[in-house]
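Topology and contacts: notes
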Amino acid sequence: MEKKYKIPIGPVHVGLKEPITAWLDLEGEKIVGATVRPGAIHRGIEYMARDRNPIQVIYLSERICGICSFSHIMAFVRAVEDAATIPVPPRAQYIRTLVLELERLHSHMLWAGVACYTIGFDSAFHLGMVLREKVMDVLEALSGNRVNYGVGTVGGVRWDITPAVAKSVKDMLRYYRREFSPFYDVVTGDPIALARMRNVGVLTYEEAVRHTAVGPTARASGVRCDLRKTSPYEAYGDFSVEAIVPQDFYGKAYGDVFDRFLVRVHEVYQSLEIIDHVMEGLPEGEILWEKNLNKVLAYTKKAEGTGIASIEAPRGDDTHVVHLAAGDENVTWWKVRAPTYANAVSWPLMFRNNELADAPLIINSIDPCISCMERMLITDASGEKSVVTRTELLDKCREKTRRLMGK
Amino acid sequence: MIINLIMRLVAGSALLLLVLVLAFFFDGADRIVSARMQRRYGPPIWQPFYDFLKLLGKENIVPRHATPWAFNGAPWMAAASALLIFLYIPIGSLPPILGGEGDIILILYLLILSAASMAVGGFASGNPIANVGAQREMILMMSYELPLAVVASTLAWIAYKTGMPGEPFSLETFSGMSVWSVLGKSGVVGVACLFAALVLVVPGETGKGPMDIPEAKTEILEGLIIEYSGTNLALFKVTFALRSLIMASLIVALFFPWSLGRMIGFGGIFLFALDFVFFWVKVFLVYMAVITFMRTAFGRFKIWQASEFYIIKVAGLSLAGMILVSVDLLL
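Numbers given to residues run from 1 along each chain, matching the order in which its sequence is written. Ligands are numbered from 1 and chains lettered from A, in the order in which they are written. Where local features are concerned, this predicted model is filtered to residues with pLDDT of at least 70; where side-chain atom pairs are given and counted, the filter is 80 or more; whole-chain, interface and lining totals use all residues. Computation of side-chain values covers all heavy atoms of the structure but excludes hydrogens and water.

Moving on: the sheet that holds strand β3 (residues 30-37) of chain A. All names here are of chain A. Ordered in space as β1-β2-β3, the three strands form an open sheet in which the pairing is antiparallel. Every interior strand has two partners, whereas the edge strands, β1 (4-9) and β3, have only one. When strand polarity is set aside, the average angle formed by the axes of neighbouring strands in this sheet is 25 degrees. Across six bridges, the pairing between β1 and strand β2 (residues 21-27) is antiparallel. By this definition, two strands are paired if DSSP reports at least two bridges between them. Secondary structure counts use DSSP, requiring at least four H or I residues in a row for a helix and at least two E residues in a row for a strand, with both numbered from the N terminus. An axis is simply a line fitted to the C-alpha atoms; with a helix, the fit covers only the stretch in contact. Between two such axes, the angle follows the N-to-C directions and lies from 0 to 180 degrees.

Listed below in structure tokens is the structure:
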């Protein structure tokens, strides 16, 4: 009988982009048990939103995540528009779709690069980073920023597509159609990359459904789910967007890390198609429902109701729920369910029968965004450790919500 | 007698100093070439020297759970045994400084000693992650020893059978006469197999390329050397740089012994000087082709995959080389 020992991956680890801890029980190199402990990066963003009006919260929600910043503001803005019934002009919807797809491009490329870095394939990592620069240039041409674009607002978008931007988008499409396939060939053709990613971190179809995996993680297990197809929003209804599942391309879905890689690579090609359609079908007209922000705020102040929005972020579906109370300028409450929250549940399953060497790759394979995911933190001022059960946690949450709402 | 001893001491110290500088210099060149292959600019060529000097000025931290004597002794042992190897490698037409005292078997033992010292340092640091790294180092070492032993013994057998001048196991024998020239067709193919096997062993020996498993950064946070700092870490950096240089030098000494000086028809001191420089040029080319290219072109194996690769594929390749050479020598 081999001696078991515990090794922490994280909270700070070279292979991880954000702080999270996975305590692994090891027998030699084999993982026999895993406990995932988040809780290192809670920032209380939902609480901060209660002191701000919807326009201010846009900029707060943009900072939930560094990569899918636009997905979060889209989900938030759509939830506010849902609550206050605000229409969005068609041109603005097309521009939103464009930026969402640009964001998917750079998120997937970043992920593919980081996955290669995790298996020690530094050359592919650097190649991926070079590729990603082009889409960042387009975003900069459109909005002036590389990460938090500040493009979306309630009732439309803030930046229009000028001929110069349209030209840079065209350049980008040409560039990626030429340059992306070498990267894809380098990684998929590499025997070591295949040996490192095939049959690692397997999540079967049934498990993906039962544990509510979303986005590329679920699609790699063969689940046909894509909100762009099943409940189209913005301009997606105008194009046919099919869920990318590995069985359509390779005959079989393994549900492993390699499939997650392939799904993301094919989604990059899909995004290029969608951007092409968006640029072709871009309607003329206004990009804002109301230019005067004070009028927008006066309108949302009068509105009463709860709005909900789900969009397909690069990592899976991102859901925001917002409540606006009549006569209250600020957001009454706001809930964020980031895709990582749904995907992280599958981690312990993916760790089964794998090795220590695979652990960072498995954690990275769902493209985790820990700061998106962390919505609460329980602290004990005396510094004592305790375990809270699910019912206790629910009661505590309800009690705190009641206290905050002043009832 | 005493003058001879002093001469050897002076020559030895000069050579080892030069080798240290060259090891860092090649390491810097390796980083630049690798960076250019990845479309990066890369660090200045003197970066390994800066790193080394900086680490010498840093505090040497010994973890609370470590065994201090083993933890502090391991880096010295690893660096010293790696450095000693250059006293037994012929540089160009110059005979090795301690030529008569040791042969290829001693070199292999010194290589094992330095790798084992690294593993001991990992085990002694009392960190579970370093422990995993040390285990991986041991497994890797056991895996590549078989092909390495087959290569060394087959080469010695060739030297013995074909009557190459000199002791069969001495490196001088192979640097005096090219091993490619003494065999027939199937023998040359066999030597090529041995050469390929030795090239594939290099990443494992140097801990680079697809075999950087004991020091895997994104898996076990530099593994073996996770707890090391200051002078101890500087010594490990020296060890890594030296091991790469050793493997490249061994390949040159065994398989590319051609002397430029003799070809041109130089004599005396010029022959030695030219061959000395030419030797390091060859080592540099082999370094770039074998170590830099391999480490840039591939990702990292898992430990069982690496073990399987060495014990089955590379060992098979070296045995095939042995059989082909035997066919040529016996028939």
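Right, let's talk about the interface of chain A and chain B for a bit. Whether two residues are in contact is decided by their heavy atoms: any pair within 4.5 Å suffices. Taken residue by residue, the interface counts 30 residues in chain A and 24 residues in chain B. For the chain A face of the interface with chain B, the top three residues by lost area are Glu29(A), His126(A) and Ile192(A), together amounting to 21%. Salt bridges, as used here, are contacts in which a Lys or Arg side-chain nitrogen is within 4 Å of a carboxyl oxygen on Asp or Glu. On inspection of chain A and its partner chain B, the count reaches zero salt bridges. A 3.5 Å cut-off defines polar contacts: any pair of N or O atoms within that distance qualifies, except that in protein one atom must be a possible hydrogen donor and the other a possible acceptor, and neighbouring residues in sequence count only when both atoms are side-chain atoms. Put simply, chain A and chain B have six residue pairs in polar contact (both at pLDDT 80 or more) between them. Summed over both partners, the accessible surface that disappears when two parts come together, traced with a 1.4 Å probe, is what is meant by buried area.

A few words on unusual backbone geometry. Residues and elements named next belong to chain A. Even without being glycine, Thr212 reaches a positive phi, approximately 50 degrees. Residue position: Thr212 is located in the loop between α8 (205-210) and α9 (215-220). The phi angle at Asp367 is positive, at roughly 55 degrees, despite the residue not being glycine. Of note, Asp367 is situated in the loop between α16 (359-365) and α17 (370-373). With relative accessibility at 1%, the residue Asp367 sits in the buried group. To sort residues, take the accessible area from a 1.4 Å probe on protein chains only and compare it with the maximum for the residue type: under 20% means buried, over 50% means exposed, and anything in between is partly exposed.

Residue and element names in this part refer to chain A. By the secondary structure assignment, Ser107 is in helix α4 (residues 90-118). By relative accessible area, which is 1% here, Ser107 ends up buried. Those residues within four positions of Ser107 in sequence are excluded, and the remaining contacts are Ile67, Pro314 and Asp367.

The next subject is the sheet that holds strand β7 (residues 316-324) of chain A. All names here are of chain A. With antiparallel pairing, three strands are arranged side by side in an open sheet as β6-β7-β8. What marks the edges here is a single partner per strand, and that holds for β6 (305-313) and β8 (333-337). Here the average twist between neighbouring strands, direction ignored, is 10 degrees. Sheet topology places β7 next to β8; five bridges connect them, and they run antiparallel. Considered in β8, the bridge of Val321 is made with Lys335.

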